[in-house]
Amino acid sequence: MRNVDETKGCTHRNSCPMFALFDTADQLDYWRQRYCYSEYDRCARFKSMLAGETPPVQLLPSGRLLRLP
Ligand code: SF4
């Protein structure tokens, strides 16, 4: 069950592929709660975009790369 304020959080939510991915499984919702709706300024993707870069699709907010099958 999600208890978040949809009006707050990361401004990249509509374009971030990781944000969309986090909605695909309950286990992944942790990332949304931890970063997208709260500590987004600590997200590696956010910081990369802030620096004018395009982060790799598999870059997680923690800075690690998601292993794709
Ligand atoms: S993963 Fe990072 S950049 Fe993407 S929406 Fe969440 S906080 Fe923003």
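Structure: see above.
Treat the numbers as computed from the prediction; the structure is a model and nothing was measured. Residues take numbers from 1 onward in each chain, read along the sequence in its written order. Totals for whole chains, interfaces and linings use all residues, but because this is a predicted model, local features are given only for residues with pLDDT of at least 70 and pairs of side-chain atoms are given and counted only at 80 or more.

Trainee: Pulling in residues and values, what's your account of the overall build of the chain?
Mentor: Starting at the N terminus, helices and strands are each numbered in turn, a helix being any DSSP run of H or I of at least four residues and a strand any DSSP run of E of at least two. Regarding its fold elements, the chain presents three helices and zero strands. Going residue by residue from the N terminus, the α and β elements of the chain occur as α-α-α. Taken over C-alpha atoms, the radius of gyration is set against a globule rule of 2.2 Å times the number of residues to the power 0.38. Over its C-alpha atoms the chain spans a radius of gyration of 11 Å, differing by no more than 12% from the 11 Å that the globule rule assigns to 69 residues. Principal axes of the C-alpha set define a box for the chain whose edges measure 30 × 30 × 20 Å. Evaluated residue by residue, the chain yields a buried proportion of 20% over its 69 residues. The contact criterion used is a C-beta to C-beta distance within 7 Å, with each C-beta placed from the backbone. The long-range fraction of contacts in the chain, counting pairs at least 24 apart against all pairs at least 6 apart in sequence, stands at 40%. Here exposure depends only on C-beta density: within 10 Å of a residue's C-beta, 20 or more other C-beta atoms make it buried, 12 or fewer make it exposed, and intermediate numbers make it partly exposed, the C-beta atoms being placed from the backbone.

Trainee: Kindly report on the nonpolar core, identifying the contributing residues and their values.
Mentor: Residues enter a nonpolar core if they are buried, belong to Ala, Val, Leu, Ile, Met, Phe, Trp, Tyr or Cys, and are joined to the set through C-beta atoms within 7 Å. Core analysis: the largest hydrophobic core is formed by ten residues, namely Cys 10, Cys 16, Met 18, Phe 19, Phe 22, Tyr 35, Cys 36, Tyr 40, Cys 43 and Phe 46. Elements with a minimum of two residues in this core: helix H1 (17–21) and helix H2 (29–36). Once residues within four sequence positions are removed from consideration, Met 18 is found in contact with Arg 45 and Leu 60.

Trainee: Any details on the site of the ligand? Residues and values, ideally.
Mentor: In the region of the ligand, 13 residues are neighbours, and Cys 10, Cys 16, Cys 36, Cys 43 and Arg 45 sit closest. Contributions of two or more residues to the shell around the ligand are made by H1, H2 and helix H3 (44–50). Among the residues forming the shell around the ligand, the class breakdown is ten nonpolar, one polar and two charged. Put plainly, near means the residue's C-beta atom, positioned from the backbone, lies within 6 Å of the molecule or strand in question. Ten residue types, Ala, Val, Leu, Ile, Met, Phe, Trp, Tyr, Cys and Pro, are classed as nonpolar, four, Asp, Glu, Lys and Arg, as charged, and the remainder, Gly among them, as polar.

Trainee: I'd love a proper account of the environment of Thr 54, names of residues and values included.
Mentor: Secondary-structure assignment places Thr 54 in the segment after H3. For the pair formed by Thr 54 and Tyr 40, sequence separation is 14 residues and the distance between their alpha carbons is 16 Å.

Trainee: Can you tell me about H2, naming the residues and giving the values?
Mentor: Think of an α-helix as turning once every 3.6 residues; residues three or four places apart then point the same way. For H2, the complete set of buried residues consists of Arg 32, Tyr 35 and Cys 36. Looking straight down H2, one finds its buried side chains confined to an arc of 100°; they lie on one side. Residues of H2 that are buried make contact with H1. Note that the arc is computed from the directions linking the helix axis to the C-beta atoms.

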